[in-house]
Each structure stands twice: as structure tokens, then as C-alpha cells.
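Chain by chain, the residues run as shown.
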Amino acid sequence: FLNENLIIPKGYKVFAYAGLELNLINSAKILSFSPLNFIGDKDNHIYIHSADSSGQGIVIMQVDQPTTFEYVDFTNLSNPVQSGWELSGAITFYESPVNISYCSFNNNRAEGSINIIRSIFQIDNTVFNSSFSDAFDADFSQGNITDSYFINSGNDAMDFSGSVVNIRNIIINGSGDKGISVGEKTLLVADSIMIKRANIAVASKDLSEVKINNISILDSKIGFLVLEKKSEFGPASIIATNIKFNSTDNLYMIEEGSFLMVDGENIESDQKELKKAIYSDK
């Protein structure tokens, strides 16, 4: 177990292998200025958790070389808080590339299970389960997410701001707010997506562009939402092809000035002040 903060300075490479169990207690956190290479295997994962529900997760800060997590389970961690500063992610990467494969993020108690900021990321075959708020946040970053699952997110399953992202073969089942939220001039290219039980399946905001192919939206309140939320930006767009809806209350909500095209057809709208209608209680 780890019962006090672990700070790893620059100039190291940190390795952990199959079978490691790391229990963060007494509000402990890991802050690393060097890359972490945590490599489990299919039958023997690495397990990082907090038995007393106080563990404050992991921060990777300004590291040039990529961190690698393979077959690692992150469970019941919270965001780092200390004497005047606070981060939002249980696992945070700031200006630090990361590769994540065959991992799981379970019951993490933070605004984001992962928060990636100004970083390059590759994520595949990973499960995000029962996140307290957002499952995945990327801000001003670039990367890919493939073959992954997002289950029962308290808020958004995926939230992108100011980023360039490709996602493929994604299943989202249960989002308290949005399945996919795209804002602040993000470009998102998506293919083979299923979103079920979301308040809003896909939202494009504030000069963002979403290009999405082969998406199924099921048991949700709103399919596509396109609008300007922040006045310093502008209208947004979604271009969608091969769409299937089932038990979705409102297929489209488009603010005047924003753009939605579905299977080659421009969906017209004269709705105004959608921000007020959608976000008045947020």
C-alpha cells in the first residue's frame, strides 16, 4: 500500500509488471515527472485502487516520453487536491503522451476518470465503468480511441475541447448527460458508434466539427444537438451518415446558424437560444 504521496522526479523510467497491487490510502497520490510503464498481462492485471476511498490518483506532468498502461485496472480513485490546487481527473496527463490498452477505469470519484491536457493519446480495448462524472476528458489534445466501452457515466462519456480526435468501434451505454460532447473548435471523426441511454447522444458546440459514420442511437432523449454555447466561439456542425435511431424522443436539436447534415440532407432549423433551453438548469 501507499500511505503518503509519491513524487517521481524527471530522469527516470518507472516499470511495474503483472500482479502488482497498489493500494492508495490516507489521501495518497502519485505525481510523476517521468514516464510510467505499467505492463500487466491478460491473465494477471495490475490493480491500482483505494481501499479507504481516499486515494487521490495519478498525475503525469510534462513528460516527453510516452507513459504506457496495459492490462491495468484503476478503481475507486479520486482527483488530487492539495493546499490551494486541485485537478479534475483521477488520472491526469498534462503535456505528456500516453498509450492505454486493455485497461479498465471503475467507480472513480472525480470530475473525470481520465483528464488529458495538451497531450497525444492512444486508447484501445479499454472499459470505463460507473464514472462519478465524466468518463473521459481531453482538452487541447490529439488522439485516437478505438474498440472501447463507456458504461454508466454520471455525466458525459466522452468530452472533447479544443482537440483533434478519431474514435472507432465505441459502445456507450448510460450517460447522465451526453454520450459524446464536442466543444471549443474540436474536430471529431467517428465511425461505428453505438450510444444507448443518454440524455444527449452527440453534442457539437462552439465552432466544432463532427463527422460521424455508422452510428446507432437508442433509448435516448436527444439524438444530435448542434449549437453555440460560448459567445467567444460560434456555430457548430455535424455531418452524419448511416444513422439508426430507436426510441429516441427528439432526433435533432439545431440552433439557427449551426449546421446538421444527415445522409446528405441538410436538416433545417430556426431554433434560437438553445443554450438557454438546454443548459438553464446546469
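The structure reproduced in this document is the subject of the present report. Given the structure is predicted, the values throughout are model-derived calculations rather than measurements. (Residues numbered from 1 in each chain as written. Predicted model: local features only at pLDDT ≥ 70, side-chain atom pairs only at ≥ 80, totals over all residues. Heavy atoms only, no water.)

1. Here we look at a nonpolar patch on the surface
Residues Val164, Leu187 and Val189 make up a contiguous nonpolar surface patch of roughly 190 Å² in combined accessible area. Mapped onto the elements of the fold, Leu187 is located in strand β22 (residues 187-205). When its relative accessible area of 31% is taken as the criterion, Leu187 is described as partly exposed. (Patch = residues over 30% accessible without salt bridge, like charges linked within 9 Å, V, L, I, M, F, W, Y side chains within 5 Å. Areas by Shrake-Rupley, 256 points an atom, 1.4 Å probe, with all protein chains shown as cover. Salt bridge = Lys/Arg side-chain N within 4 Å of Asp/Glu carboxyl O. Helix = DSSP H or I, 4+ residues; strand = E, 2+ residues; numbered from the N terminus. Buried < 20%, exposed > 50% of the residue type's maximum accessible area, 1.4 Å probe, protein only.)

2. Some thoughts on the pairing of strand β19 (residues 142-153)
Side-chain direction in a regular strand flips from residue to residue, so the side chains alternate between the two faces of the sheet. Note: strand β16 (residues 120-124) against β19, five bridges, orientation parallel. The residue of β19 that forms the bridge with Asp124 is Thr146. The pairing of β19 with strand β21 (residues 164-183) spans 10 bridges and is classified as parallel. The partner of Phe150 across the bridge, within β21, is Ile172. (Pairing = 2+ DSSP bridges.)

3. Comments concerning the nonpolar core
The biggest cluster of nonpolar side chains holds 66 residues, and the ones touching the most others in it are Phe136, Phe160, Ile167 and Ile180. Considering every element that reaches this core, the biggest residue donor is β22, with seven residues. When neighbours within four sequence positions are excluded, Phe160 is seen to be in contact with Phe136, Ala138, Ile145, Val165, Ile167, Ile180, Ser181, Val182, Gly183, Thr186 and Leu188. Within the second largest apolar cluster, eight residues are counted, among which are Ala203, Ile222, Leu225 and Leu274. (Core = buried A, V, L, I, M, F, W, Y, C linked by side-chain atoms within 4.5 Å. Contact = heavy atoms within 4.5 Å.)

4. Describing the pairing of strand β15 (residues 112-117)
Most of β15 sits inside the fold, with six of its six residues counted as buried. Sheet analysis places β15 next to strand β18 (residues 134-139), joined by five bridges and oriented parallel. Bridge assignment links Ile114 to a residue of β18, and that residue is Phe136.

5. Quick look at the environment of Lys244
Its location among the elements puts Lys244 in strand β25 (residues 237-246). The exposure class assigned to Lys244 is exposed, which follows from its relative accessible area of 59%. Along the primary structure Lys244 and Ser216 are separated by 28 residues, whereas in three dimensions their C-alpha atoms are 4.7 Å apart. Among all residues touching Lys244, those that are not within four sequence positions of it are Ile215, Ser216 and Ile217.

6. Some remarks on the packing of aromatic side chains
Taken as a whole and judged by the stated rule, the model has 14 aromatic pairs. On the numbers, 5.8 Å between centres and 80 degrees between planes, the contact of Phe245 with Tyr252 is edge-to-face. The exposure class of Phe245 is partly exposed, given its relative accessible area of 26%. Take Tyr252: its relative accessible area is 22%, and that puts it in the partly exposed class. Each member of the aromatic cluster is reached from another via a ring pair, and the members are Phe38, Phe69, Phe74, Phe93, Phe105, Phe121, Phe128, Phe136, Phe150 and Phe160. (Phe/Tyr/Trp six-rings, centres within 6.5 Å; stacked < 30°, edge-to-face > 60°.)

7. Quick notes on the side chain of Ser50
Mapped onto the elements, Ser50 comes out in the loop between β6 (46-49) and β7 (58-61). Setting aside anything within four residues of it in sequence, one finds Ser50 in contact with Asn23, Leu24, Gly55, Thr75, Asn76 and Leu77.

8. Regarding the environment of Ile30
Note on placement: Ile30 falls in strand β4 (residues 30-32). With 26 residues separating them along the chain, Ile30 and Gln56 place their C-alpha atoms 7.9 Å apart. Sequence-distant contacts of Ile30, defined by excluding residues within four places in its chain, comprise Leu2, Leu6, Ile8, Leu22, Gly57, Ile58 and Val59.

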